[in-house]
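# Descriptive analysis of the structure
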Amino acid sequence: MAPSPKPAETACDSAVPAGCGPSTLAVHAGEARQKMGDSITDPIVCAATYTFPNTQALVDYVEQELPREEYGRYGNPGERVVERKLAALDGGTDAVLYATGMAAMVGLLMAKLNAGDEVVFFDECYHRSREFCVKHLSRFGVVTHQVKACDYAAMEAAINPRTRLLVSESPTNPHLSVVDLEQFVAIGRRHNVETLIDATLATPYNIQPIAYGVDYVLHSATKYLAGHNDLLAGVIVGSQEALDPVRKLRGIMGSINAPHNFYLLQRGLKTFELRMQRHNQNGQAVAEFLAGHPRIEHVYYPGLPGHPQHEIARRTMRGYGGLITFLVKDADWRRTADVIDAVRLPRIGPSLGGVESLIEQPSVMSYHTLAPEERAQFGIADNMIRLSCGIEDTADLIADLRQALDRR
Ligand SMILES: *Cc1c(COP(=O)(O)O)cnc(C)c1O
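This is a predicted model, so every value here is computed, not measured. (Residues numbered from 1 in each chain as written. Predicted model: local features only at pLDDT ≥ 70, side-chain atom pairs only at ≥ 80, totals over all residues. Heavy atoms only, no water.)

### As for the packing of helix 3 (residues 77-90) against helix 10 (residues 259-269)
Between helix 3 and helix 10, the shortest axis-to-axis distance is 9 Å and the interhelical angle comes to 35 degrees. Considering how the two elements wind past one another, helix 3 and helix 10 form a crossing that is left-handed. Side by side, helix 3 and helix 10 meet where Gly78, Glu79, Val81, Val82, Lys85, Leu86 and Leu89 of the first sit next to Phe262, Leu265, Gln266 and Leu269 of the second. In terms of residue class, the contact of helix 3 with helix 10 is built from seven nonpolar, two polar and two charged. (Axes fitted to C-alpha atoms, helices over the stretch in contact; angles between N-to-C directions. Helix = DSSP H or I, 4+ residues; strand = E, 2+ residues; numbered from the N terminus. Left-handed = near helix turned anticlockwise from the far one by under 90°. Contact = heavy atoms within 4.5 Å. Nonpolar A, V, L, I, M, F, W, Y, C, P; charged D, E, K, R; others polar.)

Below, the structure is given as structure tokens:
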């Protein structure tokens, strides 16, 4: 498999020699070599405000735009460390950190769109992203078009002179479709429209959208980046110039993290590459096991040769992640739930990307309140299970799933 393109060297990771790999970046990028109190770790700066020694210092700060803090809503030294690290991992020149992945999505769309503007979405996406566009951006006069995921002709046909942004996840949630980033970016460039990829499921370890020319990469850092199911955060990575208005609006909306939260994110990132290797290994092995099991009707996983975009995934991804969606053969929702209730290792819960495996039935967990026709429209079947493989031992996960499926 071809390696993902190396992240470009950015102004942010000056402490790290050029050309370093993802694990070196995850450990060192964005951090000063020598830190406060000669500590190896960054301090957690619990400050709502920052002080100036005298009025001249304040005037200098304002007039010369000096790099220092002023008030907690606009930034924190620890937050900037994590932002530089995340920018380096994705090969961007800047990153803006948010309280959650959804706050990042809302923050970017609110900063970039005006009344009368239009957005084109691939329809397989996190249901709250869709809900924000359809229910809320519409109240501000922004029009959202949804087209079938990976239908590039339909996406291009939906573009008109008012279109400002093309949006997709890759891989998509929960169907794991993989977007051909070359085609996606080419459409945007032909029409002079910016592009956004929510790469939460892939992470910068498995895919590097900025190297393909994508303008904005979004991650729910709650998932693999933080990786321990113990915090919420979100990030947008891109160019400093394009993110400047996004950062300014964040300072007004106040959708920021508390200092302990981004310290935990920074700490989680230290093992990012090691965790991703195990998530990828577990995802591939468990998907292959499920695909060969007589009780399984279908497995959605880009690492399987039968996946519709397997070749694109092979070309553009380093690995395929820990998330697997599958259908249980001849099962109604109750018999599907019986499988979930029989597993011993994965815990039943929403979310993904943490060290603990999580399992859920989308028709019950996130789409329960929708009418059956709506669930069908979004491709959410009653016999569908979504499994986020954690970093447990591969053989233990497979043995657990086997006993759950063989019990009938
Ligand atoms: C979880 C998730 C989000 C939302 O992130 P939060 O941190 O929960 O707000 C957005 N996109 C994808 C693909 C996700 O999985």
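So, next bit.
### Brief notes about the sheet that holds strand 11 (residues 358-360)
Pairing in this open sheet of five strands is mixed, and the strands run 8-9-12-11-10 from one edge to the other. Only two strands of the sheet have a single partner each, and these edge strands are strand 8 (296-300) and strand 10 (347-348). Inspection of the sheet shows strand 11 paired to strand 12 (residues 384-388) by three bridges, in the antiparallel sense. Bridging across to strand 12, Glu360 finds its partner in Arg386. Docked against the sheet, helix 13 (residues 333-342) engages strand 9 (323-328), strand 10, strand 11 and strand 12, running at close to 20 degrees with respect to strand 12. (Pairing = 2+ DSSP bridges.)

### Considering the domain arrangement of the chain
When cut into domains, the chain gives domain 1 (22-270) and domain 2 (272-406). Looking at the side of domain 1 facing domain 2, the largest losses of area belong to Tyr205, Asn206 and Tyr224, adding up to 24% of the total buried there. Inspection of the region where domain 1 meets domain 2 yields one salt bridge. Across the salt bridge formed by Arg315 and Asp180, the nearest N and O atoms sit 3.8 Å from each other. When contributions to the side of domain 1 that touches domain 2 are tallied by element, the ones reaching two or more residues are helix 1 (22-28), helix 5 (127-136), helix 8 (203-206) and helix 10. If you tally residues by element for the side of domain 1 that touches domain 2, the top one is helix 8, at four residues. In terms of residue class, the side of domain 1 that touches domain 2 is built from 20 nonpolar, 11 polar and five charged. (Domains from an automatic or database assignment. Buried area = accessible area lost by both parts, 1.4 Å probe. Salt bridge = Lys/Arg side-chain N within 4 Å of Asp/Glu carboxyl O.)

### Description of the sheet that holds strand 1 (residues 94-98)
The seven strands are arranged 1-7-6-5-4-2-3 in an open sheet whose pairing can be described as mixed. Lying at the two open borders of the sheet, with one neighbouring strand each, are strand 1 and strand 3 (143-147). Pairs of neighbouring strands in the sheet enclose a mean axial angle of 20 degrees, with direction left out of account. Bridge count for strand 6 (residues 216-220) against strand 7 (residues 234-238) is four bridges, and the pairing is antiparallel. Along strand 7, the bridge assignment pairs Leu218 with Ile236. Lying on the sheet, helix 4 (residues 101-112) is in contact with strand 1, strand 4 (163-169), strand 5 (194-198), strand 6 and strand 7; it crosses strand 6 at an angle near 155 degrees.

### Focus on the site of the ligand
The full set close to the ligand counts 14 residues, and Met102, Asp198, Ser220, Thr222 and Lys223 are the nearest of them. Side-chain polar atom of Thr222 to an oxygen atom of the ligand: 2.7 Å apart, as the coordinates give it. Here an oxygen atom of the ligand sits 2.7 Å away from a polar atom, N or O, in the side chain of Lys223. When the ligand is considered free in solution it has 380 Å² of accessible area, and contact with the protein chains removes 92% of it. Residues that form the shell around the ligand fall into these classes: five nonpolar, six polar and three charged. (Near = heavy atom within 4 Å. Polar contact = N/O pair within 3.5 Å; in protein donor to acceptor, adjacent residues only side chain to side chain. Areas by Shrake-Rupley, 256 points an atom, 1.4 Å probe, with all protein chains shown as cover.)

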